[in-house]
Protein chains: 2
Amino acid sequence: MENKGNFGQTASAPTARERPTLKTIAFMTGLGVTTVSRALKDAPDIGAETKERVRMVARQLGYQPNRAGVRLRTGKTNVIALVLSIDEEIMGFSSQMVFGISEVLSGTPYHIVITPHSHSKDPMQPVRYILDTGSADGVIISRIEPDDPRVRLLTERGMPFATHGRTDAGLTHPFHDFDNEAFAHQAVEKLVERGRRRIALLQPPSKLTYYAHIRIGFQTGLHDYGAEEVPLRVNTDAPLADIRDIVEVMMRSANAPDGIVCSAGSAAIAVNAGIEAAGKALGRDLDMVSKQSVPILNWIRPEIITAQEDVRQAGREMAKAVIARIDGVEPELLQSVSQPTWPESGR
Amino acid sequence: MENKGNFGQTASAPTARERPTLKTIAFMTGLGVTTVSRALKDAPDIGAETKERVRMVARQLGYQPNRAGVRLRTGKTNVIALVLSIDEEIMGFSSQMVFGISEVLSGTPYHIVITPHSHSKDPMQPVRYILDTGSADGVIISRIEPDDPRVRLLTERGMPFATHGRTDAGLTHPFHDFDNEAFAHQAVEKLVERGRRRIALLQPPSKLTYYAHIRIGFQTGLHDYGAEEVPLRVNTDAPLADIRDIVEVMMRSANAPDGIVCSAGSAAIAVNAGIEAAGKALGRDLDMVSKQSVPILNWIRPEIITAQEDVRQAGREMAKAVIARIDGVEPELLQSVSQPTWPESGR
DNA sequence: CATTTCTACTGTATCGTTACAGATTGCATT
DNA sequence: AATGCAATCTGTAACGATACAGTAGAAATG
């Protein structure tokens, strides 16, 4: 009579080694399914010895909770959605981020689901989908704008998330960001140190928040170190061929710069091509500083002065932040900014 | 009495616009939940008019089946797992593959879950996890070996999958592969066309299947076009610094090659560095042919002769193959090999 | 000794969906 | 009029987990 609940239900498992469930453990321990469930989550109303017994059997069986069961009953998906822009992305930017995220998630029950979208299309669509279908417990997004509508929506709907990049409209949320202001400032410094004074900036598209950071760092740099800007009318999102052509024209012109600051590693390759197409050479006629997320530029031209942005680390930070947010930690405590590092160039 | 099933259950939805379920539609149409379920999957025992009505209401409500419900009941996860090696991966190889896969999956109910692992560790672990927990309907794996234990296990357990690369042990399974044999053969041809006769090969690690393909293509190429091999004792998986150093030594030696075939884009960058460190120049002292998955090499040195491997296309093919396999299509019909393309170099 | 209070455990209902085994109705057959 | 049979529709149970509302027994209380 004590096992009335199990009786006749788990008359199973004679031959086939099927996946164990709570019922299996309940049957083996002689306990009720509820008790097993509560024992495994260390509930206070279960005896210490019972918990121990349940845990042993569970480990023995290699029990892993059925995700669908949990999700259906509790709504918890154990999924983190990574929203990625499918365009651009020449270098392994997002791979690195994915790997950073996975590193953190591998010690947790979370899975990572990639939700891609074309950023030329509606960037809200994937976010809306996730919210409407409740298909994730947390979200990670990139390419943040100062008053990002995705951030607004996610906040409004109470969905935990972290961003790669900051907003700038009084929104408080977890983020990880690279200190682009410091990068641009230091970049100018490096150039001036080498005697360069007329500096061009290949900047990100102006709608992204870090455009402003780059601009500010660049301009205070110019001011602090006494240099001037040579305008460059193209941004890092442009096709590489366009960047090269425009840089070539600029380098051939009368007021060609003697220094260039480049906000993206892939673009730096095109910039370099433009420079060389104009018959100029790095280190001789001018210097270039570039940010990169993958250490590749110095393999191409050792003369490029590079700052490293550790995107894998960013992935780790954001994963930790989302999980913390899911666990109720205040957003204010989940914000971090990483500094550029300047590996000794050359090899 | 007709609505006894719904009665008292769906007395809900007064204010809050909650996510619609079958029950919601059942309530609105006055039908039973079962009928709605069957109507939506176009079952033969539901009247045409009823189906139409149900579909209209469902569309109106923006109904999307609850994944946890479906998964719990049917075991269908609607997930494709992409198993990725977290190491290496300098360039955006896997991003491109992910994007290719997503393109195909975006028109389906499938989600893509990234399951990363360190390929220095046990490569079976993620596959075992997926099988044991039934966490996906299909799997995509790369870095295939001739007698790949993952392929064996997945086949044995009846899990649909596709591989990036072939096996070579009588295993029949869906795959997409790049024709590395053709690439290597054509690469030799290109070099010989340029008057090169002493050719080195930077080959993949020998445990991977395509090592043999590259070797065969290379050797028949040498034979067909009358060239000889200069041995190069390092493979594409080696750290870039090692590759450069070894290539430099080779290029300084008495019997330096006058042509190099390189099986990976990232490695080509290091090879080039080694060549230049030895004071040699591409196009003058020697030529290099390299495969690349992202069109970057010619930005670095226009002289590199490049073959394009379209990894995004590979992602598409594999996604289509896994889904077809899930739908019961025979593996024999889901195998494809893509040919190298040789874009006009220069720009 | 009766009553309350804990401790430790359990049954039932439920999440959303679908498989299965009926129902109900109308019509054609005998 | 009884029977058979499609054509449509429906209720119930189940997938695995957990929230909730208990229950049984022991111990503490009055």
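The model shown is predicted, which means the values in this text are computed figures rather than measured ones.

### Some points on the overall build of chain A
Next, step 1: The secondary structure content of chain A amounts to 13 helices and 11 strands.
Next, step 2: Relative to its length of 347 residues, chain A is extended, with a C-alpha radius of gyration of 27 Å against a globular reference of 20 Å.
Next, step 3: By principal-axis analysis of the C-alpha atoms, chain A measures approximately 95 × 40 × 35 Å.
Next, step 4: Per-residue burial over chain A gives 53% buried out of 347 residues.
Next, step 5: Nonlocal contacts in chain A, meaning residues at least 24 apart in sequence, comprise 66% of its contacts between residues at least 6 apart.
Next, step 6: Of the roughly 15600 Å² of accessible surface on chain A, a fraction of 51% belongs to carbon and sulfur atoms.
Next, step 7: Here chain A contributes 40 positive and 42 negative side-chain charges, whose respective centroids are spaced 6 Å apart.

### Quick word on the sheet that holds strand E2 (residues 111-117) of chain A
Next, step 1: Across the sheet, 12 strands lie side by side as E11(A)-E5(A)-E4(A)-E3(A)-E1(A)-E2(A)-E2(B)-E1(B)-E3(B)-E4(B)-E5(B)-E11(B); this open sheet has mixed pairing. A single partner strand is all that each edge strand has here, and the edge strands are strand E11 (335-338) of chain A together with strand E11 (335-338) of chain B. Each neighbouring strand pair of the sheet contributes to a mean axis angle of 20°, computed without reference to strand direction.
Next, step 2: Pairing analysis gives three bridges linking strand E1 (residues 79-85) of chain B to strand E3 (residues 138-141) of chain B, with the strands arranged parallel. When the bridges of E3(B) are listed, Leu82(B) appears paired with Ile140(B).

### Comments concerning the interface of chain B and chain A
Next, step 1: Contact with chain B, which involves 45 residues of that partner, is made by 45 residues of chain A.
Next, step 2: Each partner contributes to the roughly 3900 Å² buried at the junction of chain B and chain A, and carbon and sulfur atoms together form 65% of this total.
Next, step 3: Interface area lost by chain B to chain A is led by Ile86(B), Phe99(B) and Trp299(B), which between them contribute 18%.
Next, step 4: The interface formed by chain B and chain A holds zero salt bridges in total.
Next, step 5: Counting across the interface, chain B meets chain A through eight residue pairs in polar contact (both at pLDDT 80 or more).
Next, step 6: When residues of the side of chain B that touches chain A are traced back to their parent elements, those giving at least two are helix H4 (67-74), E1, helix H5 (93-105), strand E2 (111-117), helix H6 (124-133), helix H10 (240-252), helix H11 (265-277) and helix H12 (297-300) of chain B.
Next, step 7: Residues that form the side of chain B that touches chain A fall into these classes: 22 nonpolar, 12 polar and 11 charged.

### Digging into the protein's contact with DNA strand C
Next, step 1: DNA strand C sits among 27 residues. The nearest are Thr35(A), Thr50(A), Lys41(B), Tyr63(B) and Arg73(B).
Next, step 2: Counting only atoms of DNA strand C within 4 Å of the protein, the sugar-phosphate share comes to 58%.
Next, step 3: Take Ser37(B): an N or O atom from its side chain is 2.8 Å from a phosphate oxygen of DNA strand C.
Next, step 4: Between DNA strand C and the protein, one listed contact pairs a phosphate oxygen with a backbone N or O atom of Asn66(B) at 2.8 Å.
Next, step 5: For the surface near DNA strand C, the secondary structure elements donating two or more residues are helix H2 (33-40) and helix H4 (67-74) of chain A together with helix H1 (22-29), helix H2 (33-40) and H4 of chain B.
Next, step 6: Looking at which element gives the most residues to the surface near DNA strand C, the answer is H4(B), with four residues.

### Thoughts on the protein's contact with DNA strand D
Next, step 1: The local shell around DNA strand D holds 29 residues, among which Lys41(A), Tyr63(A), Arg73(A), Thr35(B) and Thr50(B) are the closest.
Next, step 2: Residue assignment for the surface near DNA strand D shows that the elements contributing at least two residues are helix H1 (22-29), H2 and H4 of chain A together with H2 and H4 of chain B.
Next, step 3: Considering every element that reaches the surface near DNA strand D, the biggest residue donor is H4(A), with five residues.
Next, step 4: Tallied by class, residues from the surface near DNA strand D come to nine nonpolar, 13 polar and seven charged.

### Brief notes about the relation of the copies chain B and chain A
In summary, the two copies of the chain are related to each other by a rotation about an axis coupled with a shift along it.
Next, step 1: The operation relating chain B to chain A is a screw motion whose rotation component is 180°, with 0.0 Å of axial translation and a residual RMSD of 0.0 Å. Read as a symmetry element, the transformation amounts to a two-fold axis.
Next, step 2: A share of 100% of interface residues in chain B that are also interface residues in chain A marks the association as one of identical surfaces.

### As for the nonpolar core
Next, step 1: Within the largest apolar cluster, 64 residues are counted, with the highest numbers of intra-cluster contacts made by Ile243(A) and Ile243(B).
Next, step 2: Among the nonpolar cores identified, the runner-up in size contains 46 residues, and Ile86(A), Leu105(A), Ile112(A) and Ala324(B) belong to it.

### Concerning the pairing of strand E6 (residues 198-202) of chain B
All names here are of chain B.
Next, step 1: The element E6 is extensively covered by neighbouring structure, given that four of its five residues are classed as buried.
Next, step 2: Relative to strand E7 (residues 228-230), E6 is paired through three bridges, and the arrangement is parallel. Its bridge partner lying in E7, Arg 198 is registered against Glu 228.
Next, step 3: Assessed by its sense of winding, the connection that carries the chain from E6 through helix H9 (residues 209-225) to E7 is right-handed.
Next, step 4: As paired elements, E6 and strand E8 (residues 259-262) share four bridges and run parallel to each other. Bridge pairing in E8 places Ile 199 opposite Gly 259.

### Brief notes about the domain arrangement of chain A
Residues and elements named next belong to chain A.
Next, step 1: Each domain of chain A was delimited in the assignment, giving domain 1 (22-65), domain 2 (74-178 + 311-338) and domain 3 (180-308).
Next, step 2: One C-alpha centre belongs to domain 2, the other to domain 3; they are set 29 Å apart.
Next, step 3: Each partner contributes residues to the interface: domain 2 has 16 residues there, and domain 3 has 16 residues.
Next, step 4: Where domain 2 meets domain 3, there are one salt bridge.
Next, step 5: Two residues, Asp 237 and Arg 143, come together in a salt bridge whose shortest N-O distance is 2.6 Å.
Next, step 6: The interface formed by domain 2 and domain 3 contains five residue pairs in polar contact (both at pLDDT 80 or more).
Next, step 7: Of all the secondary structure elements, the ones that give two or more residues to the side of domain 2 that touches domain 3 are helix H5 (93-105) and strand E5 (175-178).
Next, step 8: In terms of residue class, the side of domain 2 that touches domain 3 is made up of seven nonpolar, three polar and six charged.

Definitions and cut-offs
- Residues numbered from 1 in each chain as written.
- Chains lettered and ligands numbered in written order.
- Predicted model: local features only at pLDDT ≥ 70, side-chain atom pairs only at ≥ 80, totals over all residues.
- Heavy atoms only, no water.
- Helix = DSSP H or I, 4+ residues; strand = E, 2+ residues; numbered from the N terminus.
- Rg over C-alpha atoms; globule rule 2.2 N^0.38 Å.
- Buried < 20%, exposed > 50% of the residue type's maximum accessible area, 1.4 Å probe, protein only.
- Contact = heavy atoms within 4.5 Å.
- Areas by Shrake-Rupley, 256 points an atom, 1.4 Å probe, with all protein chains shown as cover.
- Lys, Arg positive; Asp, Glu negative; His and termini not counted.
- Charge placed at Lys NZ, Arg CZ, Asp CG, Glu CD.
- Pairing = 2+ DSSP bridges.
- Axes fitted to C-alpha atoms, helices over the stretch in contact; angles between N-to-C directions.
- Buried area = accessible area lost by both parts, 1.4 Å probe.
- Salt bridge = Lys/Arg side-chain N within 4 Å of Asp/Glu carboxyl O.
- Polar contact = N/O pair within 3.5 Å; in protein donor to acceptor, adjacent residues only side chain to side chain.
- Nonpolar A, V, L, I, M, F, W, Y, C, P; charged D, E, K, R; others polar.
- Near = heavy atom within 4 Å.
- Least-squares fit on C-alpha atoms with pLDDT ≥ 70 in both.
- Core = buried A, V, L, I, M, F, W, Y, C linked by side-chain atoms within 4.5 Å.
- Right-handed = clockwise from strand over helix to strand, strands pointing away.
- Domains from an automatic or database assignment.

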